[in-house]
Amino acid sequence: MGVLRLLLGDQLSAHISALQGASPNDDTVVMFEVMEECSYVPHHKQKIILFLSAMRHFALELQNKGFTVDYVKLDDKENTGSLTGEIKRALQRHRVTSIAVTEPGEWRIQEMFESWKAHFETPVQILPDTRFFASKERFKRWAERRKIWRMEHFYREMRKEHKVLMNGDKPLGGTWNFDTENRKKLPRDIKIPNRLRHKPDTITKDITRLVSEKFPNNFGSLEGFGWPVTRNQALQSLEHFFEIAFTKFGDYQDSMKEGEIFLFHSLISPSLNIGLLSPREVCEAAELALSEGKVPINAVEGFIRQILGWREYIRGVYWELMPQYASCNSLSGKRSLPEFYWTGVTDLACLREAIGSTHKTAYSHHIQRLMITGNFAALIGVEPRQLERWYLAVYADAIEWVEMPNTLGMALFADGGKMASKPYISSGSYINRMSDFCAGCKYSVQKKNGAEACPFNYLYWGYLIRHESQLAQNPRMAMPYRTLRSWDDETKNTYLHDTEEFLKTL
């Protein structure tokens, strides 16, 4: 008798802890496609394709290495539709001494795993996920020493601890953060590189047909799927990014352009989050490119900060604050998410562009998420859980541990500043500065009030007026509130009136 080793759809790594010490002769690897996981939010069609195709490819790789893999497909007749039901059936098929699982990326599944200890007579071992730089315990030790959590402080500690971009005990390049060099507007005549997309093979085509049958009404297009579904494809995509886009990633990582979804971004977050790439190897490859003089330091530092900084920090925040974190709503958002988040049909060009690209590819880069879809939802006061579930549904790289804190803590400031230092809101001027979206919009970004004005302009000031008692003392909000204090009541009421009239149209 051996061990039953369960792998989830975001644990597709040969080095996952559930596989460590596995005996191909004695142990059985189990992998389940279940409706419970495919439908607890209405996932983007391409997200479902990515997960299921990557799972099937990984199962074949394990079989080729000599492992016994018990794989249950979504449309298998006996499939119970749940992880618990499938584990129960697997225990009936296999005589094993224990069940080994790697800790999951979602609180609800962690609770499910814990319940198995009481539900099944077979012992359940929940192993740590060692794919990250910082364990949950490591983040807890950092967090417990501080009243205020900030990613920058954690990031610097991680840089020192793992000797990443360091010159002895000093940061390479003389500064910890090159963010001020990474906010350039995209020049009109700059050439945008064509990005590597992977042609669906037989497995992916079969999954696409399955998704078309099972999830016909889900958000997103089935056409044009090109995400990596194997480790080899993920490595090819990483190499391609290094060759054609990395040098300009730093300069233009906050830029947006009509009709251009990917720009100079790496596009590796789906591969990182499901396990096809490891954060360590990606950071090491970026450092190597810098040492060989292939990429400027502002690009490398900005890239590594997203992985060693934000990605690790976000995960720590999630596990430290759950489960209460899921219901935080410090600014009392109550509004329903507008229907156009699902349809893309809106007169607001920036939102139409961001949602349209998401519908097409299950992707938009971080500034479109934060400063367009997130910014708008914050300004109109969307109920946080609705936006959070939308982000989880529509993006290929969205797993709850990484998606929830970014939505609740950063985009909506719903946690009252626990993980971010200020609300990430702006008027239309920021969107106009960082994109060409405004030129094709029904509304005028130059106008501040009235029916023809860009709604972001008056919504921004309406937001500040409504939340003055909660935000005015925030040091990073001092400038707009200084402006606001110079206005008379009539001016303020004009912005509030325009806000209310616009909200009625939603």
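We now turn to the structure provided with this report. (Residues numbered from 1 in each chain as written. Predicted model: local features only at pLDDT ≥ 70, side-chain atom pairs only at ≥ 80, totals over all residues. Heavy atoms only, no water.)

1. Here we look at the overall build of the chain
The cut-off we apply is this: Secondary structure elements are defined from DSSP: runs of H or I of at least 4 residues count as helices, runs of E of at least 2 residues count as strands, and each element is numbered from the N terminus. Radius of gyration: C-alpha atoms only; globule rule: 2.2 Å multiplied by the number of residues to the exponent 0.38. Here a residue-residue contact requires only that any non-hydrogen atoms of the pair lie within 4.5 Å. For every accessible area listed, the method is Shrake-Rupley and the probe measures 1.4 Å; residues are considered covered only by the protein chains on display. A positive count includes Lys and Arg, and a negative count includes Asp and Glu. His and the chain ends are not counted in either. For the purpose of locating charges, the reference atoms are NZ of Lys, CZ of Arg, CG of Asp and CD of Glu.
Check the secondary structure of the chain and you find 22 helices and 7 strands. Its C-alpha radius of gyration of 24 Å places the chain within 12% of the 23 Å reference for a compact globule of 506 residues. Judged by the C-alpha coordinates and their principal axes, the chain covers about 80 × 55 × 45 Å. Long-range contacts, defined as pairs at least 24 residues apart, comprise 76% of the intrachain contacts of the chain with a sequence gap of at least 6. Working note: accessible area of the chain is about 21600 Å², and carbon and sulfur atoms make up 48% of it. Measuring between centres, the 65 positive side-chain charges of the chain sit 3 Å from its 62 negative side-chain charges.

2. Quick look at the state of the cysteines
Test applied: By definition, disulfides here are pairs of cysteine sulfur atoms that lie within 2.5 Å.
Evaluation of the coordinates by the stated rule reveals 0 disulfides. Here cysteine 454 is not disulfide-linked; the sulfur of cysteine 438 is the nearest cysteine sulfur, at 6.1 Å.

3. Here's the deal with the pairing of strand 3 (residues 68-72)
Note the threshold: Three exposure classes are used, based on accessible area relative to the maximum for each residue type with a 1.4 Å probe and protein chains only: buried under 20%, partly exposed in between, and exposed over 50%. For two strands to count as paired, DSSP must find a minimum of two bridges between them.
Among the 5 residues of strand 3, 4 are classified as buried, and the element is accordingly described as predominantly covered. Strand direction decides the pairing type here: strand 2 (residues 28-32) and strand 3, joined by 5 bridges, are parallel. Looking across to strand 3, one finds that valine 29 is bridged to valine 69.

4. Some words on a negative patch on the surface
Rule in force here: Patch criteria: residues need more than 30% relative accessible area and no salt bridge. Like-charged residues are merged within 9 Å; nonpolar side chains of Val, Leu, Ile, Met, Phe, Trp and Tyr are merged within 5 Å. By convention in these notes, a salt bridge is any Lys or Arg side-chain nitrogen within 4 Å of a carboxyl oxygen on Asp or Glu.
Side chains of Asp75, Asp76, Glu78 and Glu213 sit close together on the surface and give a patch of like negative charge. Residue placement: glutamate 213 occurs in helix 7 (residues 202-214).

5. Structural notes on the environment of phenylalanine 32
The topology assignment puts phenylalanine 32 in strand 2. Overall, the relative accessible area of 5% leaves phenylalanine 32 in the buried class. Separated by 224 residues in sequence, phenylalanine 32 and methionine 256 place their C-alpha atoms 39 Å apart. Leave out the neighbours within four places in its chain, and phenylalanine 32 touches Leu6, Met55, Val72, Leu83, Glu86, Ile87, Ala90 and Arg93.

6. Side note on the packing of aromatic side chains
Heads up, the rule is: In summary, the pairing rule links any two rings of Phe, Tyr or Trp, Trp by its six-membered ring, whose centres are within 6.5 Å, and it sorts them by plane angle into stacked for under 30 degrees, edge-to-face for over 60 and tilted for everything else.
A complete count under the given rule lists 39 aromatic pairs for this structure. Between tryptophan 461 and tryptophan 487 the ring centres are 4.7 Å apart and the planes differ by 50°, which places this aromatic pair in the tilted class. With a gap of 26 residues between them, tryptophan 461 in helix 19 (residues 455-466) and tryptophan 487 in the loop between helix 21 (478-485) and helix 22 (489-504) connect regions that are remote in the sequence. Look at tryptophan 461 and you get buried, because its relative accessible area is 15%. Grouping aromatic residues by their ring pairs yields a cluster made of Phe340, Tyr341, Phe376, Trp390, Tyr391, Tyr395, Phe456, Tyr458 and Phe502.

7. Remarks on the pairing of strand 2
Of all 5 residues making up strand 2, 5 are buried, and the element is well covered by its neighbours. Burial of strand 2 is two-sided: the residues Thr28, Val30 and Phe32 facing one way and the residues Val29 and Met31 facing the other way are all buried. The pairing of strand 1 (residues 2-6) with strand 2 spans 3 bridges and is parallel. Along strand 2, the bridge assignment pairs leucine 4 with threonine 28.

8. Concerning the sheet that holds strand 1
Going by this rule: Think of each axis as a best-fit line through the C-alpha atoms, taken over the contacting stretch in the case of a helix, with angles from 0 to 180 degrees between the N-to-C directions.
Ordered by their spatial adjacency, 5 strands build an open sheet running 3-2-1-4-5, and the pairing between neighbours is parallel. Of all strands in the sheet, those bounded by a partner on one side alone are strand 3 and strand 5 (124-127). On average, each strand axis in the sheet is inclined to that of its neighbour by 25°, with strand direction left out of account. As defined by bridge partners, strand 4 (residues 96-102) adjoins strand 5 across 4 bridges and the pair is classed as parallel. Residue pairing in the sheet places alanine 100 in a bridge with glutamine 125 of strand 5. Strand contacts of helix 2 (residues 45-64): strand 2 and strand 3, with the helix running at about 160° to strand 3, the strand carrying the most contacts.

9. Topic: the pattern of salt bridges
Within the structure shown, the criterion is met by 31 salt bridges. For arginine 315, the salt bridge is made with glutamate 103, and the minimal N-O distance between the two is 3.2 Å. Here arginine 315, found in helix 12 (residues 297-321), pairs with glutamate 103, found in the loop between strand 4 and helix 4 (107-119); they are 212 residues apart in sequence, far enough to count as distant. Its salt-bridge partner being arginine 138, residue glutamate 161 comes within 2.6 Å of it at the nearest N-O pair. Pair noted here: glutamate 161 is in helix 6 (residues 151-162) and arginine 138 is in helix 5 (residues 136-144), with a separation of 23 residues, a long-range link. Its relative accessible area of 9% is what places arginine 138 among the buried residues. Each of Arg138, Arg145, Arg146, Glu157 and Glu161 takes part in salt bridges that share partners, so that together they form one network.

10. Here we look at the packing of helix 19 against helix 21
The relative placement of two packed helices is expressed as an angle between their axes plus a distance between the axes. Rules: Angles below 35 degrees are treated as roughly parallel, those above 145 as roughly antiparallel, those between 65 and 115 as roughly perpendicular, and all remaining angles as oblique. Ten residue types, Ala, Val, Leu, Ile, Met, Phe, Trp, Tyr, Cys and Pro, are classed as nonpolar, four, Asp, Glu, Lys and Arg, as charged, and the remainder, Gly among them, as polar.
Packing of helix 19 against helix 21 leaves a shortest axis separation of 11 Å and a crossing angle of 90°. Classified by the angle their axes make, helix 19 and helix 21 are roughly perpendicular. Judged by residue contacts, Tyr460, Trp461, Leu464 and Ile465 of helix 19 engage Pro480, Tyr481, Thr483 and Leu484 from helix 21. Here the residues of the contact of helix 19 with helix 21 sort into 7 nonpolar, 1 polar and no charged.

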